[in-house]
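# Analysis of the macromolecular model
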Amino acid sequence: MTSTFHGLETARRGLVTQQNALYVTGHNISNANTPGFSRQRVNFVQTEPYPAAALNRPQIPGQMGTGVEAGSIQRVRESFLDYQYQGENNKLGYWSSRATSLSKMESIMNEPSEDGLSAVMGQFWQSLQDLSVYPENQGTRSVVLERGQAVVDTFHYLHDSLTSIKDDLGNEVSVGLRDVNSILKKIGDINESIASVEPHGYLPNDLYDERDNLVDQLSEYVNIKVEKVTSGGNSLDIAEGKYNIKLLDASGKDTGVFLVNGADYSQMGFQGGDDKISFDPNGSIGKGDLKLFNETGEVKLKDLSLVDDNGAMNFSQGKLRGLIESYGYKTYDASGTEKGEKGIYPDMLDNLDKLAFTFGNVFNAVQKEGYGLPGTTKADSFFDLGSLTISNYKGASSTIQMEKILPEQIAASTIEDNAGDGTNAINLSNIQGWELSSATPKELEGLSVTLNLPSLSAIGNGTMKSFYEGMIGKLGVDAQQANRLQSNSQTLRQSVGENRQSVSSVSLDEEMTNMIKFQAAYNAAARNITMIDEMLDKIINGLGTGGR
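The following paragraphs examine the structure supplied in this document.

Parameters at a glance
- Residues numbered from 1 in each chain as written.
- Predicted model: local features only at pLDDT ≥ 70, side-chain atom pairs only at ≥ 80, totals over all residues.
- Heavy atoms only, no water.
- Helix = DSSP H or I, 4+ residues; strand = E, 2+ residues; numbered from the N terminus.
- Rg over C-alpha atoms; globule rule 2.2 N^0.38 Å.
- Contact = heavy atoms within 4.5 Å.
- Areas by Shrake-Rupley, 256 points an atom, 1.4 Å probe, with all protein chains shown as cover.
- Axes fitted to C-alpha atoms, helices over the stretch in contact; angles between N-to-C directions.
- Nonpolar A, V, L, I, M, F, W, Y, C, P; charged D, E, K, R; others polar.
- Salt bridge = Lys/Arg side-chain N within 4 Å of Asp/Glu carboxyl O.
- Buried < 20%, exposed > 50% of the residue type's maximum accessible area, 1.4 Å probe, protein only.
- Pairing = 2+ DSSP bridges.
- Phe/Tyr/Trp six-rings, centres within 6.5 Å; stacked < 30°, edge-to-face > 60°.
- Parallel < 35°, antiparallel > 145°, perpendicular 65-115°, else oblique.
- Left-handed = near helix turned anticlockwise from the far one by under 90°.
- Core = buried A, V, L, I, M, F, W, Y, C linked by side-chain atoms within 4.5 Å.

### What about the overall build of the chain?
- Along the chain, the regular secondary structure elements total eleven helices and 16 strands.
- Computed over C-alpha atoms, the radius of gyration of the chain comes to 38 Å, more than 25% over the 24 Å expected from 2.2 N^0.38 for 548 residues, which places it beyond the range of a compact globule.
- A fraction of 67% describes how many contacts in the chain between residues 6 or more apart in sequence connect residues 24 or more apart.
- With the model as given, the accessible surface of the chain reaches about 26,600 Å², and the carbon-plus-sulfur share is 48%.

The structure is reproduced here in structure tokens:
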């Protein structure tokens, strides 16, 4: 026989369970606009029926249900969509950082325009052509000097502006590392909190949300792999456990490097002189400069591979890599010997130095062969390049200066003491179109001397004009590619994000429907208790009173 109060307990369980479901619904509604919040649900579970299967069970027609209980309160989340989102977020972080860096460079180079280096050099060549027509005119000669100074000033401006942005990128690398380390510490602390809650049979849903939000942020900086490890104890089967986070390399392979291992977390940085983490990169970044430290920052755990033995970037995909590629990193040959620096801004600065050195060196060589106005001291150079050579041209765009040359010393003539000859001015104006890699000695018009152009030029093939056009063309193509892939990555991340939101986010319409459903069930359970109370009242107070 079942208990007299069996129905009362069944109805009470239904009342309490529906009440819990209403509380959870209220929690969802309250957090409808909370970033990273995943909606929660009560997992309704039938309680064990009466009687339990046994040899000495009561002889009743069959098992009777004993009601319902809230088995667990679980957040609604799809792990596969999380992994997809983190992958797209990682790509977006990388291409966004590249697109931003290239956009700043495009603004500085300002090509094509009337104010860029190409236009300024064009005006300089035009002033030389004017000089070839009026070689004896003092005003025309002064214009050449002014145009030459404008070219020098433009080289200085471009070098200083690019260097300033490059330094800013170095600071951004430092800020990025600090963000990464802050995220790693928070994930380690949350892992520790989760590990203390789950063994007691609870699901710390709010901690799960906070941790996943941090993992999303981390995936923007570096490519990661998340492994779930059980907390042990009496953890529920649906408990998510602790996160172990590994660093992946450029190809997406597991490097075996743990960024977070349970409650333990690592820190990334550049090792300072006091053997602690220094977040300020000094000069260019080499393959062993970025290191992994323990959580106190005192003991170096591992060198993080930035480049492989051939000098190719091998660091994990993401925003941090994009910043390092823009800032610059050292390259190496097959034997591991350092070759130089590579990156978006170092490459542009290097090409600018090549152009400035070649421009000044070749111009000086032609200036040396000509003559100024009669009665003036011969000037062997027009531009001052300091002690730079073809094998050591670094810094030419910031070093190049105008010589202290007078207008009448400009070597416009190929004939000494001939004020009306402007043949060498034509040679000077034609420099822009000379093939600098030609093995054939360059003959100068009106002169019997020849120039060995490859020995004067730091540029490979082509002319000065085509070299600069190639620099700007490559910048435009790289920027276009970065913008296109940034847009593609953003679209894909948005699509995955919307799919994830369709599963995890709070729908107020759905919650209102649930509220009505749970309220109706609660009211029904309450009515059931009232009905059973009336039955019990009849049994207790009504039976055995006949004949009184």
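Read on for the rest.
### With respect to the packing of helix α2 (residues 79-109) against helix α5 (residues 205-221)
- Between α2 and α5, the least distance of the axes is 7 Å, while the angle of their chain directions is 35°. Counting all contacts with α2, which are made through Asp82, Tyr85, Gln86, Asn89, Asn90 and Gly93, the residues of α5 involved are Asp212, Val215, Asp216, Ser219 and Glu220.
- Of the residues belonging to the contact of α2 with α5, the class tally is two nonpolar, five polar and four charged.

### Section: the pattern of salt bridges
- For the structure shown, the criterion picks out 23 salt bridges.
- Across the pair Arg500 and Asp82 runs a salt bridge, and its minimum N-O distance is 2.9 Å. Residue Arg500 is found in helix α10 (residues 464-504), and its partner Asp82 is found in helix α2; the two are separated by 418 residues along the sequence. Each member of the pair, Arg500 together with Asp82, is buried.
- Salt bridges here are not isolated pairs; linked through shared partners, they connect Arg75, Arg77, Asp82, Asp209, Asp212, Asp216, Glu240 and Arg500.

### Some points on the environment of Asn430
- As for its placement among the helices and strands, Asn430 is situated in the loop between α9 (423-429) and β15 (442-443).
- With 111 residues separating them in the primary sequence, Asn430 and Lys319 have C-alpha atoms 45 Å apart.

### Focus: the sheet that holds strand β3 (residues 224-229)
- Sheet architecture is open: four strands sit in the order β3-β4-β5-β6, paired in antiparallel fashion. Each edge of the open sheet carries a strand with a single partner, namely β3 and β6 (264-265).
- Pairing of β3 with strand β4 (residues 242-248), which is carried by six bridges, proceeds in the antiparallel orientation. Residue Val229 lies in a different strand from β4, and its bridge partner there is Lys242.
- Where α5 meets the sheet, it contacts β3 and β4, and its direction lies at approximately 5° from that of β4.

### Describing the packing of aromatic side chains
- Taken as a whole and assessed by the stated rule, the structure comprises 14 aromatic pairs.
- Seen in terms of ring centroids, Phe124 and Trp125 are 5.5 Å apart; in terms of plane orientation they differ by 50°. Their pairing is tilted. Grouping residues by exposure puts Phe124 and Trp125 together as buried.
- Taking the centre distance of 5.0 Å and the plane angle of 50° together, the rings of Phe359 and Phe383 count as tilted. Of the two residues, Phe359 is situated in helix α7 (residues 344-369) and Phe383 in strand β13 (residues 383-384); the sequence distance between them amounts to 24 residues.

### Describing the pairing of strand β7 (residues 267-271)
- Within β7, four of the five residues are buried, which leaves the element mostly enclosed by the surrounding structure.
- By the bridge criterion, four bridges tie β7 to strand β9 (residues 290-293) in an arrangement that is antiparallel. Across the sheet, residue Gln267 finds its bridge partner in β9, namely Phe293.

### Details of unusual backbone geometry
- A cis geometry characterises the amide bond from Glu111 onward to Pro112, with omega recorded as -10°.
- Checked against the element boundaries, Pro112 lands in the loop between α2 and α3 (117-133).
- Unusually for a residue other than glycine, Asn110 sits at a positive phi of about 55°.
- Mapped onto the elements, Asn110 comes out in the loop between α2 and α3.
- If you check the backbone angles, Asp417 has positive phi at about 60° while not being a glycine.
- Assignment of secondary structure puts Asp417 in the loop between β14 (401-402) and α9.
- By relative accessible area, Asp417 is classed as exposed at 54%.

### Overview of the packing of α7 against α10
- It is the contact of α7 with α10, at a shortest axis distance of 11 Å, that shows an interaxial angle of 165°. Between α7 and α10, the angle is such that the two are roughly antiparallel. Our pair here, α7 against α10, has a crossing hand that is left-handed. Touching Met348, Asn351, Leu352, Lys354, Leu355, Thr358 and Phe359 of α7 are Met464, Phe467, Tyr468, Met471 and Leu475, all from α10.
- When its residues are assigned to classes, the contact of α7 with α10 shows nine nonpolar, two polar and one charged.

### So, the nonpolar core
- One finds Phe124, Ile245, Met268, Phe315, Phe359 and Phe382 to be the most contacted residues of the largest nonpolar core, which totals 109 residues.
- Look past the residues within four positions of Phe359 in its chain and what remains in contact with it is Met121, Phe124, Trp125, Val151, Phe155, Phe383, Ile400 and Met464.

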